[in-house]
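# Architecture at a glance
Residue-level listing of the chains:
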Amino acid sequence: MATNTPTDRHETDTGGVTDSGSSVWLSQVRAFTERCLREVMNSWTMLLTVLALPAGLQLFYGVMWEDMPATMLSSATVGTAVFGAMYICLYIFGYLLAGDLEDRRYEAYRSMPLSPSADLSGRMLAGIALAAVAFVLTILAGVVTGGSFAIRGLASVPIAVLAFLLTCVFWMILAVPFVVYTENERVAEYAVPMIGMLGYMGTGFNGVMVELAPIEGEVLNYLPNTLPTRLLVYHLVPAGDWAEIGVAPPAMPTGPEYVVLMVVYALIAVAVGTVVVNKALYKRGWWP
Amino acid sequence: MAVSQRESQGRGQGTDRDRRQNQTEGQKPDREQRRSHPCIQTSNLEKSFGEEGVLEGVDLTVETGELLAVMGPNGVGKSVLFSCLAGSDHPSSGTVEVFGADPTTRSDTTSFLLQDALCVDRLTGRENLRFYEQLHPNVTDDWHEYVEILDLADDLDKRVENYSGGMKRKLELTIALSIDVPLYLLDEPTAALDLTMIQAVHGLIREKQTEGKTVVVSSHRPMDVEIADRIAFVADGRVVATGTPDDLFDAVPTVVETTLSNAEALAEIARGGEVFQGNGGIRGFLSTDADGAVDLDVSDDEYEIVSPGYTDLFNYYTKLASTTDDR
């Protein structure tokens, strides 16, 4: 109901006539998620870039490495699938956010009763959804080219899901400071995804081909891109001798401390992301 | 024609807007009554970006229910002023109060139309509307009517990147006006619109005011000033004059128009030594002596004293009044 004075308006709001805070928050999350997904769906170029790139890369590798043992190909597939997720998270999250900044849309957002956490969550949900599709497509490409996958046990399902989600969260948040600093759509489109590319190539396909990695040893079990990848390989690839398929040494990160470490990475990323979004984009306090 | 179209559609659809209109008609709040307290109050508002000062001590009061037109040359800081009023930007110093609160801490009272900033180019018009519908808790279904009035309904399924500048403006206006709040800050609402559409937008703005809303618009167009209760002129980062159009016109000195060949002679006696392009000639603002005589060194048939128009008003207050004490 419209009213004539702001005092009435405020009383109306606080009186609960309008939507409750949580439903408004959920609606705003949905708004950002839907909008990001629609933007990608409306552009064939963007859709192909984010969804077909990792799967296409895996098909290419599969043809190139046709004599490779199935489990070795599988671990390489997981490495490529995680790269795909990283790339999409950096590209989609960074590119769309940069567009909003460049077009001064945050000036409008700041004048609205928007929740920065709803903004961040909505964008992240869209990124995760697209990354999940790309991840599955890449695994399917691995199967088509001769790879084999199997879960190690019941616990593998939540651990694999967690590893995937935390990978997405970490890399999406990583894009935020770059985008906020540059405020440039082109930088976000081309330069930010290169971070993922460098991480992938510089760690031996995310730590699944250790011989190709310039860095070696235990550190591959601690980096934010190699740790979840190696966890996913352990839980999704039915191999016994990890050294034989080129994933070890170091030994696979099988203990619960590695899962805890991943959660810590994600929590730090979310905390940093929340602060940056609140302070730099919404010009509010350090914390919601 | 636009009004009758609106009326017929409004009756048929039973939107939020109809309910508000019915309510308003029942109450008919007296305009003077509504203006019992200020909606916006700024005091010595300053805003700078690095070393560059954009706003340098803006004092402005806008009464509740008022329609204020903010006018000024390009680049004087009108958009920055609007951003500070909307709570989008923090002032560097000074205070801004909107309905008694700092607008950066309370954002449920204002709808802010920025230039070319609301719409997402990769989405269609309809998808943009849906986005803001989900995003803002105060968005009403009035947009259905506004897109008809602004002749945008048939283009809603096209992507905004394929819109013309005017179509984008209409979509942004639709979004901004569909938000039910007591204050509308509209930065150049009629930019890139044709004359028919400008009239339609004026109709919508007047409707908002009738509902008791406060509207502040920035513009360069004399047409937009015609609907305003008061005008505020901005120059050199300050509000240099405010008042009703009548009061402001009354304070404008004598305007003399002559031919281009007499421009130098006019400049010699014109206030501030400045002359301006007029309708087919050159115009300047003069001080008249007690008899109303003009001390211009050209023959009597080569000049005439003319009634000031909105362009003269704009030139006087933004280019001369800020450098002299004549306000």
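Residues numbered from 1 in each chain as written. Chains lettered and ligands numbered in written order. Predicted model: local features only at pLDDT ≥ 70, side-chain atom pairs only at ≥ 80, totals over all residues. Heavy atoms only, no water.

### Observations concerning helix H12 (residues 310-320) of chain B
Each turn of an α-helix holds 3.6 residues, which means side chains three or four residues apart point in the same direction. The element H12 of chain B is extensively covered by neighbouring structure, given that eight of its eleven residues are classed as buried. Buried residues of H12 of chain B: Asp312, Leu313, Phe314, Asn315, Tyr316, Tyr317, Thr318 and Leu320 of chain B, and no others. (Buried < 20%, exposed > 50% of the residue type's maximum accessible area, 1.4 Å probe, protein only. Helix = DSSP H or I, 4+ residues; strand = E, 2+ residues; numbered from the N terminus.)

### Side note on the pattern of salt bridges
For the coordinates displayed, the defined rule picks out 23 salt bridges over all chains. A salt bridge links Asp89 of chain B to Lys283 of chain A, with the shortest nitrogen-to-oxygen separation between them at 3.2 Å. Here Asp89 of chain B is found in the loop between helix H4 (78-86) and strand E4 (93-98), whereas its partner Lys283 of chain A is found in the segment after helix H11 (256-281) on a different chain. Relative accessible area serves as the criterion here: at 34%, Lys283 of chain A is assigned to the partly exposed category. Note that Glu257 of chain B and Arg283 of chain B form a salt bridge whose closest N and O atoms lie 2.5 Å from each other. Linking Glu257 of chain B in strand E10 (residues 254-258) with Arg283 of chain B in strand E12 (residues 282-286), this pair joins segments that are 26 residues apart in sequence. Assigned by exposure class, Glu257 of chain B and Arg283 of chain B land together as buried. Taken together, the shared-partner salt bridges connect Arg35, Glu39, Asp100, Asp103, Arg105, Asp119 and Arg123 of chain A together with Arg122 of chain B into one network. (Salt bridge = Lys/Arg side-chain N within 4 Å of Asp/Glu carboxyl O.)

### Focus on unusual backbone geometry
Residues and elements named next belong to chain B. In this structure, Asn44 takes a positive phi of about 50 degrees despite not being glycine. In this structure, Asn44 sits in strand E1 (residues 38-49). Asn44 gets classed as partly exposed once you look at its relative accessible area, which sits at 40%. With a phi angle near 60 degrees, Asp151 is a residue other than glycine that sits in the positive phi range. Counting through the fold element by element, Asp151 comes out in the loop between helix H6 (143-149) and helix H7 (165-178).

### A look at the sheet that holds E10 of chain B
All names here are of chain B. In space, the four strands of this open sheet follow the order E11-E12-E10-E13, with antiparallel pairing throughout. One side of each edge strand has no neighbouring strand; the edge strands of this open sheet are strand E11 (276-277) and strand E13 (303-306). Two strands pair when backbone bridges link them, and E10 and E12 are joined in this way by five bridges, in the antiparallel orientation. Following the sheet pairing, Thr258 is matched in E12 by Ile282. Of the strands in this sheet, E10, E11 and E12 touch H12, which is tilted by about 60 degrees from E12. (Pairing = 2+ DSSP bridges. Contact = heavy atoms within 4.5 Å. Axes fitted to C-alpha atoms, helices over the stretch in contact; angles between N-to-C directions.)

### Describing the packing of helix H7 (residues 156-182) of chain A against helix H8 (residues 185-202) of chain A
Residues and elements named next belong to chain A. Viewed as axis vectors pointing N to C, H7 and H8 meet at an angle of 135 degrees, and their least axial separation amounts to 10 Å. Overall, the two elements H7 and H8 adopt an arrangement that is oblique. The chirality of how H7 crosses H8 is right-handed. Along the contact surface, H7 presents Trp171, Leu174, Ala175, Phe178, Val179 and Thr182, while H8 presents Val187, Ala188, Val192 and Ile195. (Parallel < 35°, antiparallel > 145°, perpendicular 65-115°, else oblique. Left-handed = near helix turned anticlockwise from the far one by under 90°.)

### Let's talk about the interface of chain A and chain B
Counting from both sides, the interface comprises 35 residues of chain A and, opposite them, 42 residues of chain B. Counting across the chain A and chain B interface gives four salt bridges. Ionic pairing is found between Glu34 of chain A and Arg130 of chain B, a salt bridge with its closest N-O pair at 2.9 Å. Inspection of the chain A/chain B interface yields 18 residue pairs in polar contact (both at pLDDT 80 or more). (Polar contact = N/O pair within 3.5 Å; in protein donor to acceptor, adjacent residues only side chain to side chain.)

### Overview of the confidence of the model for chain B
All names here are of chain B. With 85% of its residues at a pLDDT of 70 or more, chain B has an overall mean of 84. Of all secondary-structure elements in chain B, the lowest mean pLDDT belongs to helix H1 (residues 2-13), at 36, while helix H5 (residues 125-135) reaches the highest, 97. Taken together, the stretch residues 1-13 has pLDDT below 50 and engages in 17 contacts with residues farther than four places along the chain or on a different chain. Low pLDDT, under 50, characterises residues 24-31; the predicted model gives this stretch eight contacts beyond four residues in sequence or across chains. (pLDDT = per-residue confidence, 0-100.)

### Let's talk about the pairing of E10 of chain B
Judged by how many residues are buried, E10 of chain B sits mostly within the fold: five of five residues are covered. With burial as the criterion, each face of E10 of chain B is covered, one bearing Thr254, Val256 and Thr258 of chain B and the other bearing Val255 and Glu257 of chain B.

### Some words on the environment of Tyr265 of chain A
Turning to its location among the elements, Tyr265 of chain A is positioned in helix H11. If we ignore the near neighbours within four places in the chain, the residues touching Tyr265 of chain A are Phe170, Tyr222, Leu223, Pro224 and Leu227 of chain A.

### A few points about the side chain of Gln58 of chain A
Residues and elements named next belong to chain A. Relative to the helices and strands, Gln58 is located in helix H3 (residues 44-64). A residue is classified by how much of its surface remains accessible, and Gln58, at 0% relative accessible area, is buried. At 3.0 Å, the side chain of Gln58 and the side chain of Thr77 are in polar contact. Dropping the residues within four chain positions of it, Gln58 is found in contact with Leu73, Ala76, Thr77, Thr80, Thr138, Ala141, Gly142 and Thr145.

### A word on the sheet that holds strand E2 (residues 52-63) of chain B
Residue and element names in this part refer to chain B. Taken in spatial order, the three strands of this open sheet run E2-E1-E4, and their pairing is antiparallel. Both outer strands of the open sheet, E2 and E4, are each paired with one neighbouring strand and no more. Across the sheet, the mean angle from the axis of one strand to that of its neighbour is 15 degrees, orientation sign disregarded. One ladder, built from nine bridges, connects E1 with E2; its direction is antiparallel. Across the sheet, the residue bridging to Ile40 is Val62, located in E2. Lying over the sheet, H4 contacts E1, E2 and E4, oriented at roughly 125 degrees with respect to E1.

### Examining the confidence of the model for chain A
Regions with low pLDDT should not have their predicted coordinates read in detail. Within chain A, residue pLDDT values average 85, and 93% of them lie at 70 or more. Overall, residues 1-18 of chain A carries pLDDT values under 50, and its contacts beyond four positions in sequence, including any with other chains, amount to 30 contacts.

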